[in-house]
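Okay, here's what each chain looks like letter by letter:
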Amino acid sequence: MISEIANQIFNQAITDYHQFDNIDQVANNPHDKDSLAHLLYLKNWIDTAQWHMEDVVRNPSIDPVEGLAWKRRIDAQNQVRTDMVEFIDGYFLDLYKGVTPDASAKVNTESPAWAIDRLSILALKIYHMQEEVDRPTATEEHRKQCQQKLTILLAQRTDLSTSIDELLADIQAGKKYMKVYKQMKMYNDPSLNPVLYNKVK
């Protein structure tokens, strides 16, 4: 099952990242560069770095100039994340290009890679919620509340994993077909963001 493999790879990437706990650490991807596993590992590494960027920028005592620099870096990282999702969807489009959909086949509301993106983020939520459950400096009430949240996150991962596997099986069987739309983010594009193209020169 793809979801089982993805969850294992996401956990591996998160663990590997936290050996350094450094946003600028370059990923040492252990998987063959032409494999889906390689893409999944890199995808989660990108997400993990962005997760920690989001932590940094929320420091209430951060210098405003530094905070703006981090915000722009997060925007750039989010574009990298989006590009990687679309690249993974390209992998699946190529994988299933020989499948002829049934006449009654329907398109899914979400592409496989965007569902996998949510699974990657869930892996990070689970990892860091487990940290809170285990944090010795936290109150008992805090740990109890975090355990309740962790239980929900684990159930979400089970449900989402099942949905991803069912979607891929349906695409392979011709019961559903892929239709991928590019995100076309506008805020990063100087020709589409009015604040950028109307700026005083």
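Residues numbered from 1 in each chain as written. Predicted model: local features only at pLDDT ≥ 70, side-chain atom pairs only at ≥ 80, totals over all residues. Heavy atoms only, no water.

A. Region of the structure containing helix H1 (residues 2-20). Taking 1.5 Å per residue, 19 residues should reach 27 Å; H1 reaches 28 Å between its end C-alpha atoms and fits that length. Within H1 the residues assigned to the buried category are Ser3, Ala6, Asn7, Ile9, Phe10, Ala13, Ile14, Asp16, Tyr17 and His18. For H1, the elements touching its buried residues are helix H2 (36-57), helix H4 (112-134) and helix H5 (140-173). Remark: Asp21 follows H1 within two positions and exhibits a positive phi of approximately 50 degrees. (Helix = DSSP H or I, 4+ residues; strand = E, 2+ residues; numbered from the N terminus. Expected span 1.5 Å × (residues − 1). Buried < 20%, exposed > 50% of the residue type's maximum accessible area, 1.4 Å probe, protein only. Contact = heavy atoms within 4.5 Å.)

B. Seen up close, the environment of Asp75. The residue Asp75 is located in helix H3 (residues 64-95) in this model. The class of Asp75 is buried, set by a relative accessible area of 18%. The sequence separation of Asp75 and Asn188 amounts to 113 residues, and the corresponding C-alpha distance is 7.5 Å. With residues up to four places along the chain from it excluded, the contact list for Asp75 reads Tyr187 and Asn188. Polar side-chain contacts of Asp75 include one of 2.8 Å to the side chain of Lys71. (Polar contact = N/O pair within 3.5 Å; in protein donor to acceptor, adjacent residues only side chain to side chain.)

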